[in-house]
Amino acid sequence: MIYWDPIFSIAATSTIVGGCLVALGALIHTRYLRRQHHIQLQLLHNIPVGLCYDYKGKILLNKTWCLMWDLAKKPKTFAQLIAHLSPEDKKFLTLHYNTMQTQRIPFDGFIHHGKQTFHLRARPFENGAFVFWMSDLSRQQEHLKQLQQNYERLNQQKKLLENAWEKFPFPTFIRSAQGSIIFANQAMGKNKTEDLNQCHWQTRPFQSDDITYTLTYGQETRSEEEVQSLVREITASHRRLCKELSCAICLFSASGQLLACSPSFAQMWHLDEAWLDTNPDYENFWDTLQEKGLLSRVMDFSQYKKQQREQFAELSQTQEIFLYLPGNKIVRRLMIPFAQGGVILLDEEKTG
């Protein structure tokens, strides 16, 4: 008969239980590590940056890179990855990739895939591996392109206006709030002091960026025939100037007569040449827009037109208004006081 020592039995049982607990703990820890590993992989696959891991000539890509380049099948080598790029980009990447392999020198660069632009960076990693990550700059590049186009357009208009001011027949200068002259056109320099003293000077204060400036220009005393001829010449100059401007702009005289408008303004408001040649007034302008169905319906158009006429007559400084038109169209309008009581309308579509 076999006799079991109780102490031995307890020790054996404890060993078995301890082994089970250790095994269970190891299993739980392994599952925890696998879960953490899975979470990390998901994060790497879904971050908004394309990632590539290169180890001994074999590469691994995350999902973001595949989506950026629309890869239906994942390449397995770096050569396969760049095979579909342009010859210039392929040459650039191959050269720097080989240099990084031999000398472990990191590199940055811009590459193109279709119409998209990417910023690619590569760095040596541990154990002879390499890491690449890539950001899509297409939207930023498009935005920069638009900003550059706007800058070039504004710079062109600035030069055009500068040339127009220099050719303006009246001596003109602008003073700052401190009284110093910050601009004077050629007519100021060409006229002799005695001629300038005989001019009739007029001043027009205006504001820019909350700073007050004063525009001063001189008019010579002329005969009525000379004045009319000069007015005709200035009006013709305004018309030529407006026709060269790419923005939607028009000029009304103090009496409300339409003197000039740019092609963009005529196109925006569907104004034909025959109608413009009649030199319509401000009220006729609003009547025409109403007849063409370009304005939102109002209960009392006569009252609406009266408000527009009063706003025109009482304008003393630049005003910004928004016109909400049919078809959800929005136009931002600047009403700018001009010489001799005239008014400039500068329109810009802001729909969307």
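The next subject is the overall build of the protein chain. Scanning the protein chain for helices and strands turns up twelve helices and 14 strands. A buried classification covers 32% of the 352 residues belonging to the protein chain. Taking all contacts inside the protein chain whose residues are at least 6 apart in sequence as the whole, residues at least 24 apart take part in 35%. For the protein chain, the exposed area adds up to about 23600 Å²; of that, 56% sits on carbon and sulfur atoms.

Here we come to the side chain of D54. By secondary structure assignment, the location of D54 is in strand β1 (residues 50-55). In this structure, D54 is buried with no salt-bridge partner, the nearest side chain bearing the opposite charge being R104 at 9.6 Å. Reaching out from D54, the side chain makes a polar contact with the backbone nitrogen of G57 at a distance of 3.5 Å. At 2.6 Å, the side chain of D54 and the side chain of Y97 are in polar contact. Setting aside its immediate chain neighbours within four residues, D54 contacts I59, F78, Y97, A129, F130 and F132.

Here we take up the sheet that holds strand β14 (residues 343-349). Strand order in this open sheet of five strands is β11-β10-β14-β13-β12, and the pairing throughout is antiparallel. Of all the strands in the sheet, just β11 (258-261) and β12 (319-325) have a single pairing partner and so form its edges. Averaged over neighbouring strand pairs, the angle between their axes works out to 20 degrees when direction is ignored. Pairing of strand β10 (residues 248-252) with β14, which is carried by five bridges, proceeds in the antiparallel orientation. Looking at β14, one finds that I249 is bridged to L346. Against the sheet, helix α11 (residues 282-291) makes contact with β10, β13 (329-337) and β14, and its axis sits at roughly 175 degrees relative to β13, the strand it touches most. Relative to the sheet, helix α12 (residues 301-313) contacts β10, β12, β13 and β14, its axis offset from that of β12 by approximately 160 degrees.

Attention shifts here to the pairing of β11. In this sheet, β11 lies alongside β10 in antiparallel orientation, the contact comprising three bridges. Counted as the bridge partner of F252 is L258 from β11.

What follows is about unusual backbone geometry. With a phi angle near 55 degrees, K56 is a residue other than glycine that sits in the positive phi range. Inspection of the secondary structure assignment puts K56 in the loop between β1 and β2 (58-61). If you check the backbone angles, H270 has positive phi at about 55 degrees while not being a glycine. Residue placement: H270 occurs in the loop between α9 (263-268) and α10 (273-276). The class of H270 is partly exposed, set by a relative accessible area of 49%.

What follows covers the pattern of salt bridges. Here the structure, examined in full by the defined rule, presents seven salt bridges. Salt-bridge contacts for D108 lead to R123; the nearest nitrogen and oxygen are separated by 2.9 Å. Note that D108 is positioned in strand β3 (residues 107-113) and R123 in strand β4 (residues 116-124), a separation of 15 residues in sequence. Counted as one network, the salt bridges with shared partners bring together E320, R332, E348 and K350.

When β1 meets strand β5 (residues 130-136), the two strands line up antiparallel, connected through five bridges. Its bridge partner being in β5, D54 is matched across the sheet by F130. As paired strands, β1 and β2 are joined by four bridges and run antiparallel to one another. Within β2, the position partnered with C52 by the bridge is L61. Taking the residues that link successive antiparallel strands as the turn, the β1-β2 hairpin has two residues, and the phi of K56 there is positive, at about 55 degrees.

This part is about the sheet that holds β4. Taken together, five strands build an open sheet; the order of strands is β2-β1-β5-β4-β3 and the sheet is antiparallel. Each having just a single partner strand, β2 and β3 make up the two edges of the open sheet. Averaged over neighbouring strand pairs, the angle between their axes works out to 25 degrees when direction is ignored. Across seven bridges, the pairing between β3 and β4 is antiparallel. Along β4, the bridge assignment pairs G109 with L120. In the packing of helix α4 (residues 87-103) onto the sheet, contacts are made with β1, β3, β4 and β5, and the angle to β3 comes to roughly 155 degrees.

Cut-offs used in this document
- Residues numbered from 1 in each chain as written.
- Predicted model: local features only at pLDDT ≥ 70, side-chain atom pairs only at ≥ 80, totals over all residues.
- Heavy atoms only, no water.
- Helix = DSSP H or I, 4+ residues; strand = E, 2+ residues; numbered from the N terminus.
- Buried < 20%, exposed > 50% of the residue type's maximum accessible area, 1.4 Å probe, protein only.
- Contact = heavy atoms within 4.5 Å.
- Areas by Shrake-Rupley, 256 points an atom, 1.4 Å probe, with all protein chains shown as cover.
- Lys, Arg positive; Asp, Glu negative; His and termini not counted.
- Salt bridge = Lys/Arg side-chain N within 4 Å of Asp/Glu carboxyl O.
- Polar contact = N/O pair within 3.5 Å; in protein donor to acceptor, adjacent residues only side chain to side chain.
- Pairing = 2+ DSSP bridges.
- Axes fitted to C-alpha atoms, helices over the stretch in contact; angles between N-to-C directions.

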